[in-house]
Each structure stands twice: as C-alpha cells, then as structure tokens.
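A structural walkthrough
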Amino acid sequence: MIIQPKIRGFICTTAHPTGCAANVAEQIAYVKRQAKITGPKRVLVIGASTGYGLASRIVSAFGAGAATIGVFFERSAADKRTATAGWYNSAAFETKAHAEGLYAKSINGDAFSDAIKQETIDLIRRDWGGGVDLVIYSLASPKRQDPDTGIVYSSCLKPIGQVYRNKTIDIMTGEVSEVSLTPATDDEIAQTVAVMGGADWARWMSQLHQAGVLARGVKTVAYTYIGPELTFPLYHKGTIGRAKADLEAHAIKIHQQLANDLQGEALISVNKALVTQASAAIPVVPLYISILYKLMKQQGLHEGCIEQIERLFSERLYLPEGQKPARDVAGRIRIDDWEMREDLQQAVSECWAQVNSDTSLTLTDVLGYRAEFQRLFGFGCDGVDYDKDVSADVDIPSIDK
Ligand code: NAD
C-alpha cells in the first residue's frame, strides 16, 4: 500500500515502516560514530519502542554491545491499518541487532500488568545466564490498570490550585493562541500519580529482585522532566509534576533496597524537552520546544533522544573507574543541563514574550518541530520513497503475532 500521514490533533494514525526503519538506522549510525561504552551487558528497557526508551535500547546494544529485552505496548498492522511507529521501530531495531549478532527480544503488552512482568522474568531466566545489570524505566501512558484492584486510572495534564493561562501553538498552522487550563481536582491529581508516579517502577524492581534476576551492582534509571519556570504551573508544579515527585520518592526506596542487597543503585535522570508522542500531547510545551529548538540549533547545542541518551550512558552512568558522576543537590542526573543554561533560558523568555501568529515562523522552529513530529511516524525521512508501494505487515522477529 501507499502510506500517507494522517494527522489528527497531536497524533498521527498511520506510520511508515521504511521511514521508521530509516529513523532507527540513523540513530544506530550516530551511536556507532561515538566511542564504545564499557558498561551494561544485559539491559531491560521498559517502554522500549519510541522516544527515550528506544534511544536507551539503541545505545545499550550498539554503544555497549549489550543484549536487550524491550517491553512496549504497540499494535501490529491489521486489515487496512498500518502498525504503530513503535512496532516498526522495534522490528527494525531487532533486525539490525540480530544482523550484528546481538541478542534482542521484545515483549508486547501492558507493562503495568503482573502477567507481562512475569513473562519478562521467565524470558530473562530462560535466556540470560547472568542477571540484568541495567533496567531503564521509560513508560509514558495515559492510563494504568492497578494489578491489585483492577481499577483503571487516567492521567491528565493540568495545573494545581489555580487556572493557568499561557500561549500555545498549533503546530500544523503556526497559529499562536492563548489557552486557559482549569486546575485539577484532588481525584485527577491522585489518578495522574497512580499512572505516571513510581508505583509501577517499584513493582517491577521488587518482582525482578524477588525472582533473583538482577545482577550484583544493577542500576535502574527512570526519566523525568523539570523545565523552566515558564512551564512550571503546567508541568513541574502541575499534575504530572506531582507524579514525577512520586517517581523520585520511589527512587529513594528502590535505591535503598538495591544498595543493601546488591550494591546496586536507582537513579533519576532529568532529560531535555523533546518532540515525542508523549510531549506532543501537552499544551504550551510544543511552543516552548519550538523556541528552544530554534535557539539550541543556532548555538550548536541541539540534541535529540539519541544524543541525550548517549551522553547519559557515556558521561553519567558508565564512567571510567574512580571518576564520580555529576549529580544535582537532589542526587539526580541532569542531562537537561544544556537546555537549562541561564543564557539560553533568558533568550527563550525574551522570545516567548514577543512570539505571536505573525512571527512564529521566524522566531520559532515550528517547522522543525512539525518535521520532527512527522518523522516520529516515519514520514519525511531522507532517502525514503513515499510513492512506493510497501507492505504494512512487518514482523518483529522475536514476537509471534
Ligand atoms: P514515548 O511516548 O515516546 O514512549 C513511551 C513508551 O512507553 C513506548 O515504548 C510505549 O510503547 C510504552 N508504553 C506506554 N504504555 C505502555 C504500557 N501500558 N505497557 C508497555 N509499554 C507502554 O515517551 P517519551 O517521551 O520517550 O517518555 C518516556 C519517559 O521520558 C517518560 O517518563 C517521560 O516523562 C520522560 N521524559 C520525556 C521528555 C520529553 O520531552 N519527551 C523529557 C524528559 C523526560
């Protein structure tokens, strides 16, 4: 079939297999141009098919030569519907990894469920003699079913305590308008914490530990975002910020357990704001990212997921013996350090004050944002012939459909 992008709001309902494979190949090529990483050998990535999780899997495999198991929730092609981008990404990743003799298997299903946790544990037991030495937790989901109660929680992106008004941009038209977001109720806050907080990460780590599949010295890392004061009411101090505070509170507990029993560690990495399927859904943030990209590209500081995660692994997680990694006062890793540079944030604020529908094309990188958004789904990639008939039905080698 000929596959075209079908964009509805902040989601694209089609994905292009060749384009997604090209994206994965480009990320692999970037990693291969960097120095080899001496570090993890058996890596479990939870949320491995897109965004930061996919980049973590690629850096583990092609940067450190690690065996990887990726867990994600994606859809294969059916009837006239294409598969999701994460499905095609994972198919391309596995194929490339296998071609280089790297172990790579994937599990597709609800990572919040105990059944998928058990399936993962069984696979580790069966295939990996030694335990897992790195667990990356990179889920972004609008819903979570609590495995104990069966209750389904929904997350929301809202301010807390008062109405938040600010500018936002329509990525497709470049129109800048004002949004007004009403504060979350207590129930909405609690539900967002239940979805995006640390309960599920802690459950994963506890079940992996109890099953005896974690190696001595194991590390686990979960990703968060803080951002500038401009977006604080909506992000850092909003419902999602509460969930991230809960993630950090769980990191402390997970760390204590791992440190005591396995000389391991649990870490939080604060990452840069980037165009991913998850961040596109947040109002205001796409305008912030469009301005940020413009300025960071001008200053030669721009990074995507792969550059961020390569730097995380090589400069923060796996340093030569004796070197201490930099952490902030709360003990977090900061690979958002370039984004948060004072001079850069000052320039973002100045631009923010001026930007409107007439100036958005020149003052911001909204065109770059749009192109990157489409690339998430495999569209607009260099060297891909979009007029060519392709099969939407692509297998992930390790998954039986
Ligand atoms: P993403 O949407 O690109 O990826 C989410 C992943 O989670 C996918 O692999 C998806 O399949 C998987 N997933 C979702 N629900 C699942 C479920 N029920 N079971 C199994 N897998 C499931 O998201 P992202 O932007 O890469 O975000 C990953 C993490 O990074 C999040 O914690 C996010 O808060 C954090 N982060 C993102 C940004 C950003 O700007 N995008 C910045 C800093 C931190």
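Before reading on, note that the structure itself is shown above.
We now turn to the structure provided with this report. As the structure is a computational prediction, the values presented were derived from the model and not from experiment.

Looking only at helices and strands, one finds 12 helices and 13 strands in the protein. Taken over C-alpha atoms, the radius of gyration comes to 20 Å for the protein, in line with the 21 Å a tight globule of 401 residues would show. Taken over the C-alpha atoms alone, the protein extends approximately 60 × 50 × 45 Å along its principal axes. Each of the 401 residues in the protein was classed as buried or not, and the buried ones make up 54%. A total accessible area of about 17200 Å² is found for the protein, and carbon and sulfur atoms account for 50% of it.

What follows is about the packing of aromatic side chains. Within this structure, the stated rule accounts for eight aromatic pairs. Note on Tyr225 and Tyr235: the rings are 5.1 Å apart at their centroids and 85 degrees apart in plane angle, and the pair reads as edge-to-face. With Tyr225 in the loop between β11 (214-224) and α7 (239-262) and Tyr235 in the loop between β11 and α7, the pair connects residues that are 10 residues apart, well separated along the chain. A residue is classified by how much of its surface remains accessible, and Tyr225, at 10% relative accessible area, is buried. For Arg311, the ring lying beneath its charged end belongs to Trp338, and the centroid distance is 3.8 Å.

Along any regular strand the residues' side chains alternate between the sheet's two faces. The sheet contact formed by strand β9 (residues 164-169) and strand β10 (residues 176-181) spans six bridges and is antiparallel. Counterpart to Thr168 in the pairing with β10 is Ser177. Where β9 hands over to β10, the hairpin turn is made up of six residues, of which Gly174 adopts a positive phi near 80 degrees.

Near the ligand you find 30 residues, and of these Ser49, Tyr52, Ala111, Leu274 and Thr276 are the closest. Within the contact set of the ligand, an oxygen atom lies 2.6 Å away from a side-chain nitrogen or oxygen of Ser49. Measuring from an oxygen atom of the ligand, one finds a backbone N or O atom of Leu274 at 2.8 Å. Within the complex, the protein chains bury 92% of what would otherwise be the 840 Å² of accessible surface of the ligand. The class makeup of the residues in the shell around the ligand is 14 nonpolar, 12 polar and four charged.

What follows is about the pairing of strand β5 (residues 104-108). Two elements, strand β4 (residues 67-72) and β5, share five bridges in a ladder whose sense is parallel. Counted as the bridge partner of Ile69 is Lys105 from β5. In this view, the connection linking β4 to its parallel neighbour β5 by way of helix α3 (residues 85-99) has right-handed handedness.

One non-glycine residue, Asp79, lies in positive phi territory at about 50 degrees. If you trace the backbone, Asp79 turns up in the loop between β4 and α3. Taking the relative accessible area as the measure of exposure, Asp79 reaches 83% and is therefore exposed. In this structure, Val284 is a non-glycine residue whose phi angle is positive, near 75 degrees. Accessibility expressed as a relative area gives 0% for Val284, which makes it buried.

Its 14 residues give helix α8 (residues 285-298) an end-to-end C-alpha distance of 20 Å, which sits within 8% of 20 Å, the value for a rise of 1.5 Å per residue. Most of α8 sits inside the fold, with 11 of its 14 residues counted as buried. Within α8, burial applies to Val285, Pro286, Leu287, Tyr288, Ile289, Ser290, Ile291, Leu292, Tyr293, Leu295 and Met296. The secondary structure elements touched by the buried residues of α8 are β9, β10, α10 (342-354) and α12 (366-376). Once α8 ends, the next one or two residues include Gly300, with phi positive near 70 degrees.

On to α3, then. Compared with the 21 Å implied by 1.5 Å per residue over 15 residues, the 21 Å span of α3 between its first and last C-alpha is a close match. Here α3 has its buried residues at Ala85, Gly86, Trp87, Tyr88, Asn89, Ser90, Ala91, Ala92, Phe93, Glu94 and Ala97. Packed against the buried residues of α3 are α1 (17-33), α2 (51-64), β4, β5 and α12. One or two positions beyond α3, positive phi appears at Gly101, with a value near 75 degrees.

A complete count under the given rule lists 17 salt bridges for this structure. Between Glu188 and Lys158 there is a salt bridge, with its nearest N and O atoms 3.0 Å apart. A residue pair is termed long-range when its members are at least 10 positions apart, and Glu188 in helix α5 (residues 186-196) and Lys158 in the loop between β8 (152-154) and β9 qualify at 30 residues. The partly exposed category is assigned to Glu188, whose relative accessible area is 24%. Across the pair Arg332 and Asp328 runs a salt bridge, and its minimum N-O distance is 2.8 Å. There is no split in this pair, since Arg332 and Asp328 are both buried. Here the residues in one salt-bridge network are Glu248, Asp328, Arg332, Arg334 and Asp336, joined through shared partners.

Now for the environment of Thr13. Tracing the chain through its elements places Thr13 in the loop between β2 (11-12) and α1. When its relative accessible area of 35% is taken as the criterion, Thr13 is described as partly exposed. With 145 residues separating them along the chain, Thr13 and Lys158 place their C-alpha atoms 25 Å apart. With near-sequence residues (within four places) excluded, Thr13 lies in contact with Lys6, Arg8, Arg75 and Thr82.

With that out of the way, let us pick up the environment of Leu262. As for its position among the elements, Leu262 is in helix α7. Between the C-alpha atom of Leu262 and that of Lys36, which follows or precedes it by 226 residues, the distance is 26 Å.

Conventions adopted
Residues numbered from 1 in each chain as written. Predicted model: local features only at pLDDT ≥ 70, side-chain atom pairs only at ≥ 80, totals over all residues. Heavy atoms only, no water. Helix = DSSP H or I, 4+ residues; strand = E, 2+ residues; numbered from the N terminus. Rg over C-alpha atoms; globule rule 2.2 N^0.38 Å. Buried < 20%, exposed > 50% of the residue type's maximum accessible area, 1.4 Å probe, protein only. Areas by Shrake-Rupley, 256 points an atom, 1.4 Å probe, with all protein chains shown as cover. Phe/Tyr/Trp six-rings, centres within 6.5 Å; stacked < 30°, edge-to-face > 60°. Lys NZ or Arg CZ within 6 Å of the ring centre and 35° of its normal. Pairing = 2+ DSSP bridges. Near = heavy atom within 4 Å. Polar contact = N/O pair within 3.5 Å; in protein donor to acceptor, adjacent residues only side chain to side chain. Nonpolar A, V, L, I, M, F, W, Y, C, P; charged D, E, K, R; others polar. Right-handed = clockwise from strand over helix to strand, strands pointing away. Expected span 1.5 Å × (residues − 1). Contact = heavy atoms within 4.5 Å. Salt bridge = Lys/Arg side-chain N within 4 Å of Asp/Glu carboxyl O.

Read these as spatial facts, not as claims about activity.
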